Amino acid sequence: MSLSALKQEAFKNPEVKTVYDELSDEFELISTLITMREKSGLTQGEVAKKMGTRAPNISRLESGRANPSLKTLVSYAHACGFKLDLGFKHA
């Protein structure tokens, strides 16, 4: 079963859809981090080395199991050759 089909099936349950929507900002951040790293052509280990940390820490960051500080997000972006750009969208 594809991820898309799995999500479609899961979203038939309104409670699942509600929780998913509540986590959408977190999912967007995770997706952005992974996209930056992939566009830079770096592995998690290479990003970790540039940041002065270890690969498991990058793995936790990219999986959403960490609560990163602004300093960590800036460091990650710089390690990938990007600049952090914060913005707000009307909900």
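Residues numbered from 1 in each chain as written. Predicted model: local features only at pLDDT ≥ 70, side-chain atom pairs only at ≥ 80, totals over all residues. Heavy atoms only, no water.

1. Comments concerning the packing of aromatic side chains
Tallying each qualifying case throughout the model produces two aromatic pairs. Arranged with centres 5.0 Å apart and planes meeting at 40 degrees, the rings of Tyr-20 and Phe-27 form a pair that is tilted. Clustering of aromatic rings is evident, with ring pairs tying together Phe-11, Tyr-20 and Phe-27. One Lys or Arg, Lys-17, reaches over the ring of Phe-11 and ends 5.0 Å from the middle of that ring. (Phe/Tyr/Trp six-rings, centres within 6.5 Å; stacked < 30°, edge-to-face > 60°. Lys NZ or Arg CZ within 6 Å of the ring centre and 35° of its normal.)

2. Some points on the packing of helix α4 (residues 44-51) against helix α5 (residues 55-63)
Direction vectors running N to C along α4 and α5 enclose 110 degrees, while the axes themselves pass 8 Å from each other. Taken together, α4 and α5 sit at an angle that is classed as roughly perpendicular. Every residue of α5 that contacts α4 at Gln-44, Gly-45, Val-47, Ala-48 and Met-51 is listed here: Ala-55, Ile-58, Ser-59 and Glu-62. The class makeup of the residues in the contact of α4 with α5 is five nonpolar, three polar and one charged. (Axes fitted to C-alpha atoms, helices over the stretch in contact; angles between N-to-C directions. Helix = DSSP H or I, 4+ residues; strand = E, 2+ residues; numbered from the N terminus. Parallel < 35°, antiparallel > 145°, perpendicular 65-115°, else oblique. Contact = heavy atoms within 4.5 Å. Nonpolar A, V, L, I, M, F, W, Y, C, P; charged D, E, K, R; others polar.)

3. Overview of a nonpolar patch on the surface
There is a patch of nonpolar side chains on the surface, built from Met-1, Leu-3 and Leu-6 and spanning about 390 Å² of accessible area. As for its placement among the helices and strands, Leu-3 is situated in helix α1 (residues 3-10). Overall, the relative accessible area of 61% leaves Leu-3 in the exposed class. (Patch = residues over 30% accessible without salt bridge, like charges linked within 9 Å, V, L, I, M, F, W, Y side chains within 5 Å. Areas by Shrake-Rupley, 256 points an atom, 1.4 Å probe, with all protein chains shown as cover. Salt bridge = Lys/Arg side-chain N within 4 Å of Asp/Glu carboxyl O. Buried < 20%, exposed > 50% of the residue type's maximum accessible area, 1.4 Å probe, protein only.)

4. Points about the nonpolar core
Counting 13 residues, the largest nonpolar core has Leu-33, Met-36, Val-47, Met-51, Ile-58, Tyr-76 and Cys-80 as the members making the most contacts within it. Put simply, the parts of the chain that give this core at least two residues each are α3 (24-40), α4, α5 and α6 (70-79). Other than its neighbours up to four places away in sequence, Val-47 contacts Arg-37, Leu-42, Ile-58, Tyr-76, Ala-79 and Cys-80. (Core = buried A, V, L, I, M, F, W, Y, C linked by side-chain atoms within 4.5 Å.)

5. As for the pattern of salt bridges
Enumeration according to the criterion identifies four salt bridges in this entry. Salt-bridge contacts for Glu-9 lead to Lys-12; the nearest nitrogen and oxygen are separated by 3.1 Å. Residue Lys-12 is classed as exposed on the basis of its relative accessible area, which comes to 61%. As a salt-bridge pair, Lys-17 and Asp-21 come within 2.8 Å of each other at their nearest N and O atoms. Linking Lys-17 with Asp-21, this pair stays in helix α2 (residues 14-22), spanning four residues, or about one helical turn. We classify Lys-17 as partly exposed; its relative accessible area is 33%.

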